[in-house]
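Structure at a glance
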Amino acid sequence: MVDIAHQAAINPASARGAAAARALVPLTAIEAGQWRALAQQAIEPNGYYLPDWELAVSATARGRTDASALAAFDGSSSRLIGLMPVISLWRAWKIPLPALVSAHPYGTLCSPLIDRATPVEAATRLLQQARQAGAHALVLNDVALDGAAMNSLGEVLSRDGLKPRVLSSYIRASLDATQDGETLLHEALGAKKLKELRRQRHRLEEHGPVAFEVARRPDEIGPALETFLQLEASGWKGKRGTALIQHAGDAAFIRRAVPALAETAQCEVITLRAGTTPVAAGIVLRHQDRAFFFKLGIDERFARYSPGVQLTLDLTRHLCADPAIASADSTASADHPMINPIWRGRFAIGDVLIPLRRNDPVVALIHGALAAHGIAYAAARRAVRLLRK
């Protein structure tokens, strides 16, 4: 039964099989030049769906390999105007129902790439491709609910008498990088908190001059990335076994993606040093006029000096001083204790169920299965937290 349902979702049998195969293709089948051209013209930036990042994820990242794609082309079939990396609902959560789910690109943003010149046509064709692939619904995880990509999909759904269902949502921190950095930090943290952070920084200087470094060039990016990986593994992520370098596939993905994106000025590694000792490091992606703060690693021996906060203060100043960057997505969880007090912008992120046919009873089954899975997952997370106390 499971195999039948899985195949029905992705490769329906009989005469529809060939059409389904054309509708859903391996991510590696998308021509890289067309993908890059679409990314440059996308109506909403998403650094995690840049080709050099997502292809590296799909190649080796643990639990995220071999993604497929819904690809929309214009009327002449010559120009890529929409791209949505996907996997089956069975592969995502072992639910044997005919739906497709956003392929998770490691970063917490799955808004699809939609051409800004033809957003309605692109959204229409993406939904058509999903139907032709045999899916009854799409599940978009971690999308900007009020973002331009979701608005384009919503316009097409409304026209067709369909309505997306928000399964869950939260508010995420972001940075308005058009402001003066010092003014923004003063308004966000206040004079008293900034004074305390300056005191901590002076104490950190007892270990050597404190310097903020930004690695961009190919000869800089590799060593800076290795510094980040070592710092990330040295902390609590290493203790829990979730650091990138602890898994061969994850390490291969990040070592491929970061240098490749650096070649096109779409990635940088930031490091805070006290003398020659790195105390914090992070990875920042860039897509169009938006930055994406991917991950942060710190040396916990220096925790009393708040190295992660110190690095984020310098990153804030760095981004605000860059005329090419208008905003930054923290890509952090809800109510993140470090980033939320510093980056005071907010926007809604959520998981959305998109029905593909009107009055389809299968969509209700999919919705119910997702709700049951969410309840079970939440209970498991609570149990894990209790065990770790």
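Located above this text is the structure these notes cover.
Residues numbered from 1 in each chain as written. Predicted model: local features only at pLDDT ≥ 70, side-chain atom pairs only at ≥ 80, totals over all residues. Heavy atoms only, no water.

Along the chain, the regular secondary structure elements total 13 helices and 13 strands. Its C-alpha radius of gyration of 22 Å places the chain within 12% of the 21 Å reference for a compact globule of 389 residues. Reported as C-alpha extents along the three principal axes, the dimensions of the chain are approximately 70 × 50 × 35 Å. For the chain, contacts bridging at least 24 residues in sequence account for 76% of all contacts bridging at least 6. (Helix = DSSP H or I, 4+ residues; strand = E, 2+ residues; numbered from the N terminus. Rg over C-alpha atoms; globule rule 2.2 N^0.38 Å. Contact = heavy atoms within 4.5 Å.)

Our next topic: helix 4 (residues 51-60). Most of helix 4 sits out of view: eight of its 10 residues are buried. Of all the residues in helix 4, the buried ones are Pro51, Asp52, Trp53, Glu54, Leu55, Ala56, Val57 and Ser58. Considering only its buried residues, helix 4 is in contact with helix 3 (32-40), strand 3 (80-88), helix 11 (248-262), strand 10 (277-287) and strand 11 (290-298). (Buried < 20%, exposed > 50% of the residue type's maximum accessible area, 1.4 Å probe, protein only.)

A separate point is the packing of aromatic side chains. For the structure shown, the criterion picks out nine aromatic pairs. Their ring planes at 65 degrees and their centres at 5.8 Å tell us that Tyr48 and Phe292 sit as a pair that is edge-to-face. In this pair, Tyr48 sits in the loop between helix 3 and helix 4 while Phe292 sits in strand 11, placing the two residues 244 residues apart along the sequence. Assessed through its relative accessible area of 0%, Phe292 is described here as buried. The ring of Tyr106 carries Arg64 above its face, with NZ or CZ at 4.1 Å from the centroid. The ring of Phe294 carries Lys295 above its face, with NZ or CZ at 5.4 Å from the centroid. (Phe/Tyr/Trp six-rings, centres within 6.5 Å; stacked < 30°, edge-to-face > 60°. Lys NZ or Arg CZ within 6 Å of the ring centre and 35° of its normal.)

With that out of the way, let us pick up unusual backbone geometry. The backbone phi angle of Lys94 is positive, close to 60 degrees, even though this residue is not glycine. With respect to the secondary-structure elements, Lys94 resides in the loop between helix 5 (89-93) and strand 4 (99-102). Even without glycine at this site, Thr331 takes up a positive phi of about 45 degrees. The residue Thr331 is located in the loop between strand 12 (327-329) and strand 13 (345-355) in this model.

Its 15 residues place the ends of helix 11 22 Å apart at the C-alpha level, agreeing with the 21 Å of an ideal helix rising 1.5 Å per residue. Those residues of helix 11 that fall on the buried side of the exposure criterion are Asp250, Ala251, Phe253, Ile254, Ala257, Val258, Leu261 and Ala262. Along helix 11, the residues classed as buried sweep out an arc of 160 degrees about the axis, all on the same side. On the buried face of helix 11, the contacting elements are helix 4, helix 9 (218-234), strand 9 (267-274), strand 10 and strand 11. (Expected span 1.5 Å × (residues − 1). Arc of directions from axis to C-beta.)

Sheet topology note: the strand 3/strand 4 ladder contains three bridges and is antiparallel. When the bridges of strand 4 are listed, Val86 appears paired with Ser102. (Pairing = 2+ DSSP bridges.)

By themselves, these observations are geometric and do not establish any function.
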